[in-house]
Amino acid sequence: MNNSAATLMQDVERVTQGALASGALQSIDTAYEHVTDAGQSFLLRTLSNLKRKEDAAQRLKKAGDTRRNPFKPYEEALYVRDLGDDHICLLNKFNVVDHHLLIVTREMESQQDKIKQRDFHALAQVMQEIDGLAFYNGGKIAGASQPHKHLQLIPLPMTACQELPFSDSLNQLKSGHPNSRVELGFPHSGMQLPEGLFNDPARAADALKNTYNQLREELGIKDDGLQTTSAYNLLITRKWMLMVPRSEESFEGISFNSLAFVGALLVRSEEEAVRLKEHGLMKVLASVC
């Protein structure tokens, strides 16, 4: 880890400690299990501890409250640092995973807007320092809980497991052109990224925007010049980029955001977990794409 990486993580940890102490950071406790379905391993999280479930459910409800913009103004206790002139880095107030970061446009832009070069540059600055899973929920149908444009990043590993559930498949995506993995039974397209790309955030921003546009074209995610006209999920690691077209926000009332498409699902109750397993997790993912 280089000095800049240590500095960013020190900032994140310092802000986290202060935000926990003040109550500004309201983590959501979950229990998790590994579920095998359609030959793939899934990480299935369920709200944990009966006494805390009601509180956690209320936090999830608040996280999805769009009546006010939580990013303008943002809570000072959640502020980590500026990312250039156009973006700020915040802690996710209602985090399920430790050190969950938000890369937020300083001024109001829509979550349905295309991701711009400067958005990718802000993200690349973070990914230069932190090896993480970045994602973007492109519109409400894709699981976006807030309309103000924000990318998200979760440091890896997410749990005691060193790899994401679908890593074996996603690490085999090819470079140079959009492609897919037949074993992932939902519509998607992805590309391998050049090794060492994030050593230079400016170069990374160029490559990410180019790859993003190629994947949108491959999947027919069109735009009107400013906003995309259909919903999608975007996921990025230092190794690959993945895009998933969306047609539904939820399955039988269970909502899914980008994380579902690397095999990490969150449900509110054991009953929901059982329902997903009965239907088949991969089939459920296919049904919302």
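About the thresholds
- Residues numbered from 1 in each chain as written.
- Predicted model: local features only at pLDDT ≥ 70, side-chain atom pairs only at ≥ 80, totals over all residues.
- Heavy atoms only, no water.
- Helix = DSSP H or I, 4+ residues; strand = E, 2+ residues; numbered from the N terminus.
- Contact = heavy atoms within 4.5 Å.
- Core = buried A, V, L, I, M, F, W, Y, C linked by side-chain atoms within 4.5 Å.
- Buried < 20%, exposed > 50% of the residue type's maximum accessible area, 1.4 Å probe, protein only.
- Phe/Tyr/Trp six-rings, centres within 6.5 Å; stacked < 30°, edge-to-face > 60°.
- Lys NZ or Arg CZ within 6 Å of the ring centre and 35° of its normal.
- Pairing = 2+ DSSP bridges.
- Axes fitted to C-alpha atoms, helices over the stretch in contact; angles between N-to-C directions.
- Salt bridge = Lys/Arg side-chain N within 4 Å of Asp/Glu carboxyl O.
- 1 Å grid on protein atoms, 1.4 Å probe; cavity = no way out; pocket = protein on both sides within 12 Å on 5 of 7 lines; lining within 4 Å.
- Points joined across faces, edges and corners; volume = space filled by probe spheres on them.
- Nonpolar A, V, L, I, M, F, W, Y, C, P; charged D, E, K, R; others polar.
- Expected span 1.5 Å × (residues − 1).
- Polar contact = N/O pair within 3.5 Å; in protein donor to acceptor, adjacent residues only side chain to side chain.

Caption draft 1: Representation of the environment of Asp113 in the model. With respect to the helices and strands, the residue Asp113 is situated in the loop between strand 5 (101–105) and helix 3 (117–129). Between the C-alpha atom of Asp113 and that of His188, which follows or precedes it by 75 residues, the distance is 20 Å. For Asp113, the residues in contact, after removing those within four places along its chain, are Tyr136, Lys149, Leu226, Gln227 and Tyr232.

Caption draft 2: The arrangement of the nonpolar core in detail. Within the largest apolar cluster, 41 residues are counted, with the highest numbers of intra-cluster contacts made by Leu91, Phe120, Leu153, Phe198, Leu234, Ile236 and Met241. Counting residues per element, this core draws most heavily on helix 3, which supplies 6 residues. If you look at the next biggest cluster of nonpolar residues, it comprises 37 residues, including Leu44, Phe135, Val244 and Leu276.

Caption draft 3: Broad picture of the packing of aromatic side chains. Taken as a whole and judged by the stated rule, the model has 7 aromatic pairs. With a centroid separation of 6.2 Å and an interplanar angle of 35 degrees, the aromatic rings of Tyr136 and Tyr232 are classed as tilted. Taken together, the positions of Tyr136 in strand 6 (residues 132–138) and Tyr232 in strand 9 (residues 232–236) put the pair 96 residues apart, joining distant regions of the chain. When its relative accessible area of 0% is taken as the criterion, Tyr136 is described as buried. Accessibility expressed as a relative area gives 0% for Tyr232, which makes it buried. Between Phe186 and Phe261 the ring centres are 5.2 Å apart and the planes differ by 65 degrees, which places this aromatic pair in the edge-to-face class. Of the two residues, Phe186 sits in the loop between helix 4 (167–170) and strand 8 (189–192) while Phe261 sits in the loop between strand 12 (254–255) and strand 13 (264–267), which places them 75 residues apart along the sequence. With relative accessibility at 3%, the residue Phe186 sits in the buried group. An aromatic cluster of three or more residues is present, and its members are Phe42, Phe166, Phe186 and Phe261. The ring centre of Phe94 lies 5.9 Å from the NZ or CZ of Lys93, which sits over that ring.

Caption draft 4: Spatial organisation of the sheet that holds strand 9. The strand order across the open sheet built from 8 strands is 3-4-5-7-6-9-10-8, with neighbouring strands paired in antiparallel fashion. Each of the sheet's edge strands pairs with one partner strand only, and the pair in question is strand 3 (79–83) and strand 8. Strand after strand, the sheet turns through a mean of 20 degrees between neighbouring axes, direction not considered. Note that strand 3 and strand 4 (residues 87–91) share 4 bridges and pair antiparallel. Bridging across to strand 4, Arg81 finds its partner in Cys89. Docked against the sheet, helix 5 (residues 201–219) engages strand 8, strand 9 and strand 10 (240–245), running at close to 30 degrees with respect to strand 10.

Caption draft 5: Representation of the pattern of salt bridges within the structure. Inspection of the entire model under this criterion finds 18 salt bridges. One salt bridge connects Asp119 with Lys149, and the closest N-O pair in it is separated by 2.7 Å. With Asp119 in helix 3 and Lys149 in the loop between strand 6 and strand 7 (150–155), this pair connects stretches of sequence that are 30 residues apart. A salt bridge links Lys140 to Glu249; the nearest nitrogen and oxygen atoms lie 3.2 Å apart. Residue Lys140 is located in the loop between strand 6 and strand 7, and its partner Glu249 is located in the loop between strand 10 and strand 11 (250–251); the two are separated by 109 residues in the primary sequence. Taking the relative accessible area as the measure of exposure, Glu249 reaches 26% and is therefore partly exposed. Connected via shared salt-bridge partners are Glu109, Asp113, Lys116, Arg118, Asp119 and Lys149.

Caption draft 6: Geometry of the sheet that holds strand 1 (residues 30–37). What the 3 strands build is an open sheet, ordered 1-2-13; its pairing is mixed. Of all the strands in the sheet, the pair left with one neighbour each is strand 1 and strand 13. Ignoring which end each strand starts from, the neighbouring axes of this sheet average 25 degrees apart. Against the sheet, helix 6 (residues 270–279) touches strand 1, strand 2 (40–47) and strand 13, its axis set at about 160 degrees to strand 2.

Caption draft 7: Region of the structure containing empty space enclosed by the protein. A full pass over the atoms with the stated rule returns 1 cavity of 30 Å³ or more. By volume, the largest cavity amounts to about 40 Å³. Looking at the largest cavity, the residues that line it are Thr16, Leu25, Leu91, Asn92, Asn95, His99 and His100. The residue makeup of the lining of the largest cavity, split by class, is 2 nonpolar, 5 polar and no charged.

Caption draft 8: Region of interest: helix 5. Along its 19 residues, helix 5 runs 26 Å from first to last C-alpha, staying within 8% of the 27 Å computed at 1.5 Å per residue. Of the surrounding secondary structure, the elements contacted by the buried residues of helix 5 are helix 3, strand 8, strand 9 and strand 10. Capping of helix 5 at its N-terminal end is provided by Asp200; its side-chain oxygen lies 3.1 Å from the backbone amide nitrogen of Ala202. Looking one or two residues beyond helix 5, the residue adopting positive phi is Gly220, at roughly 75 degrees.

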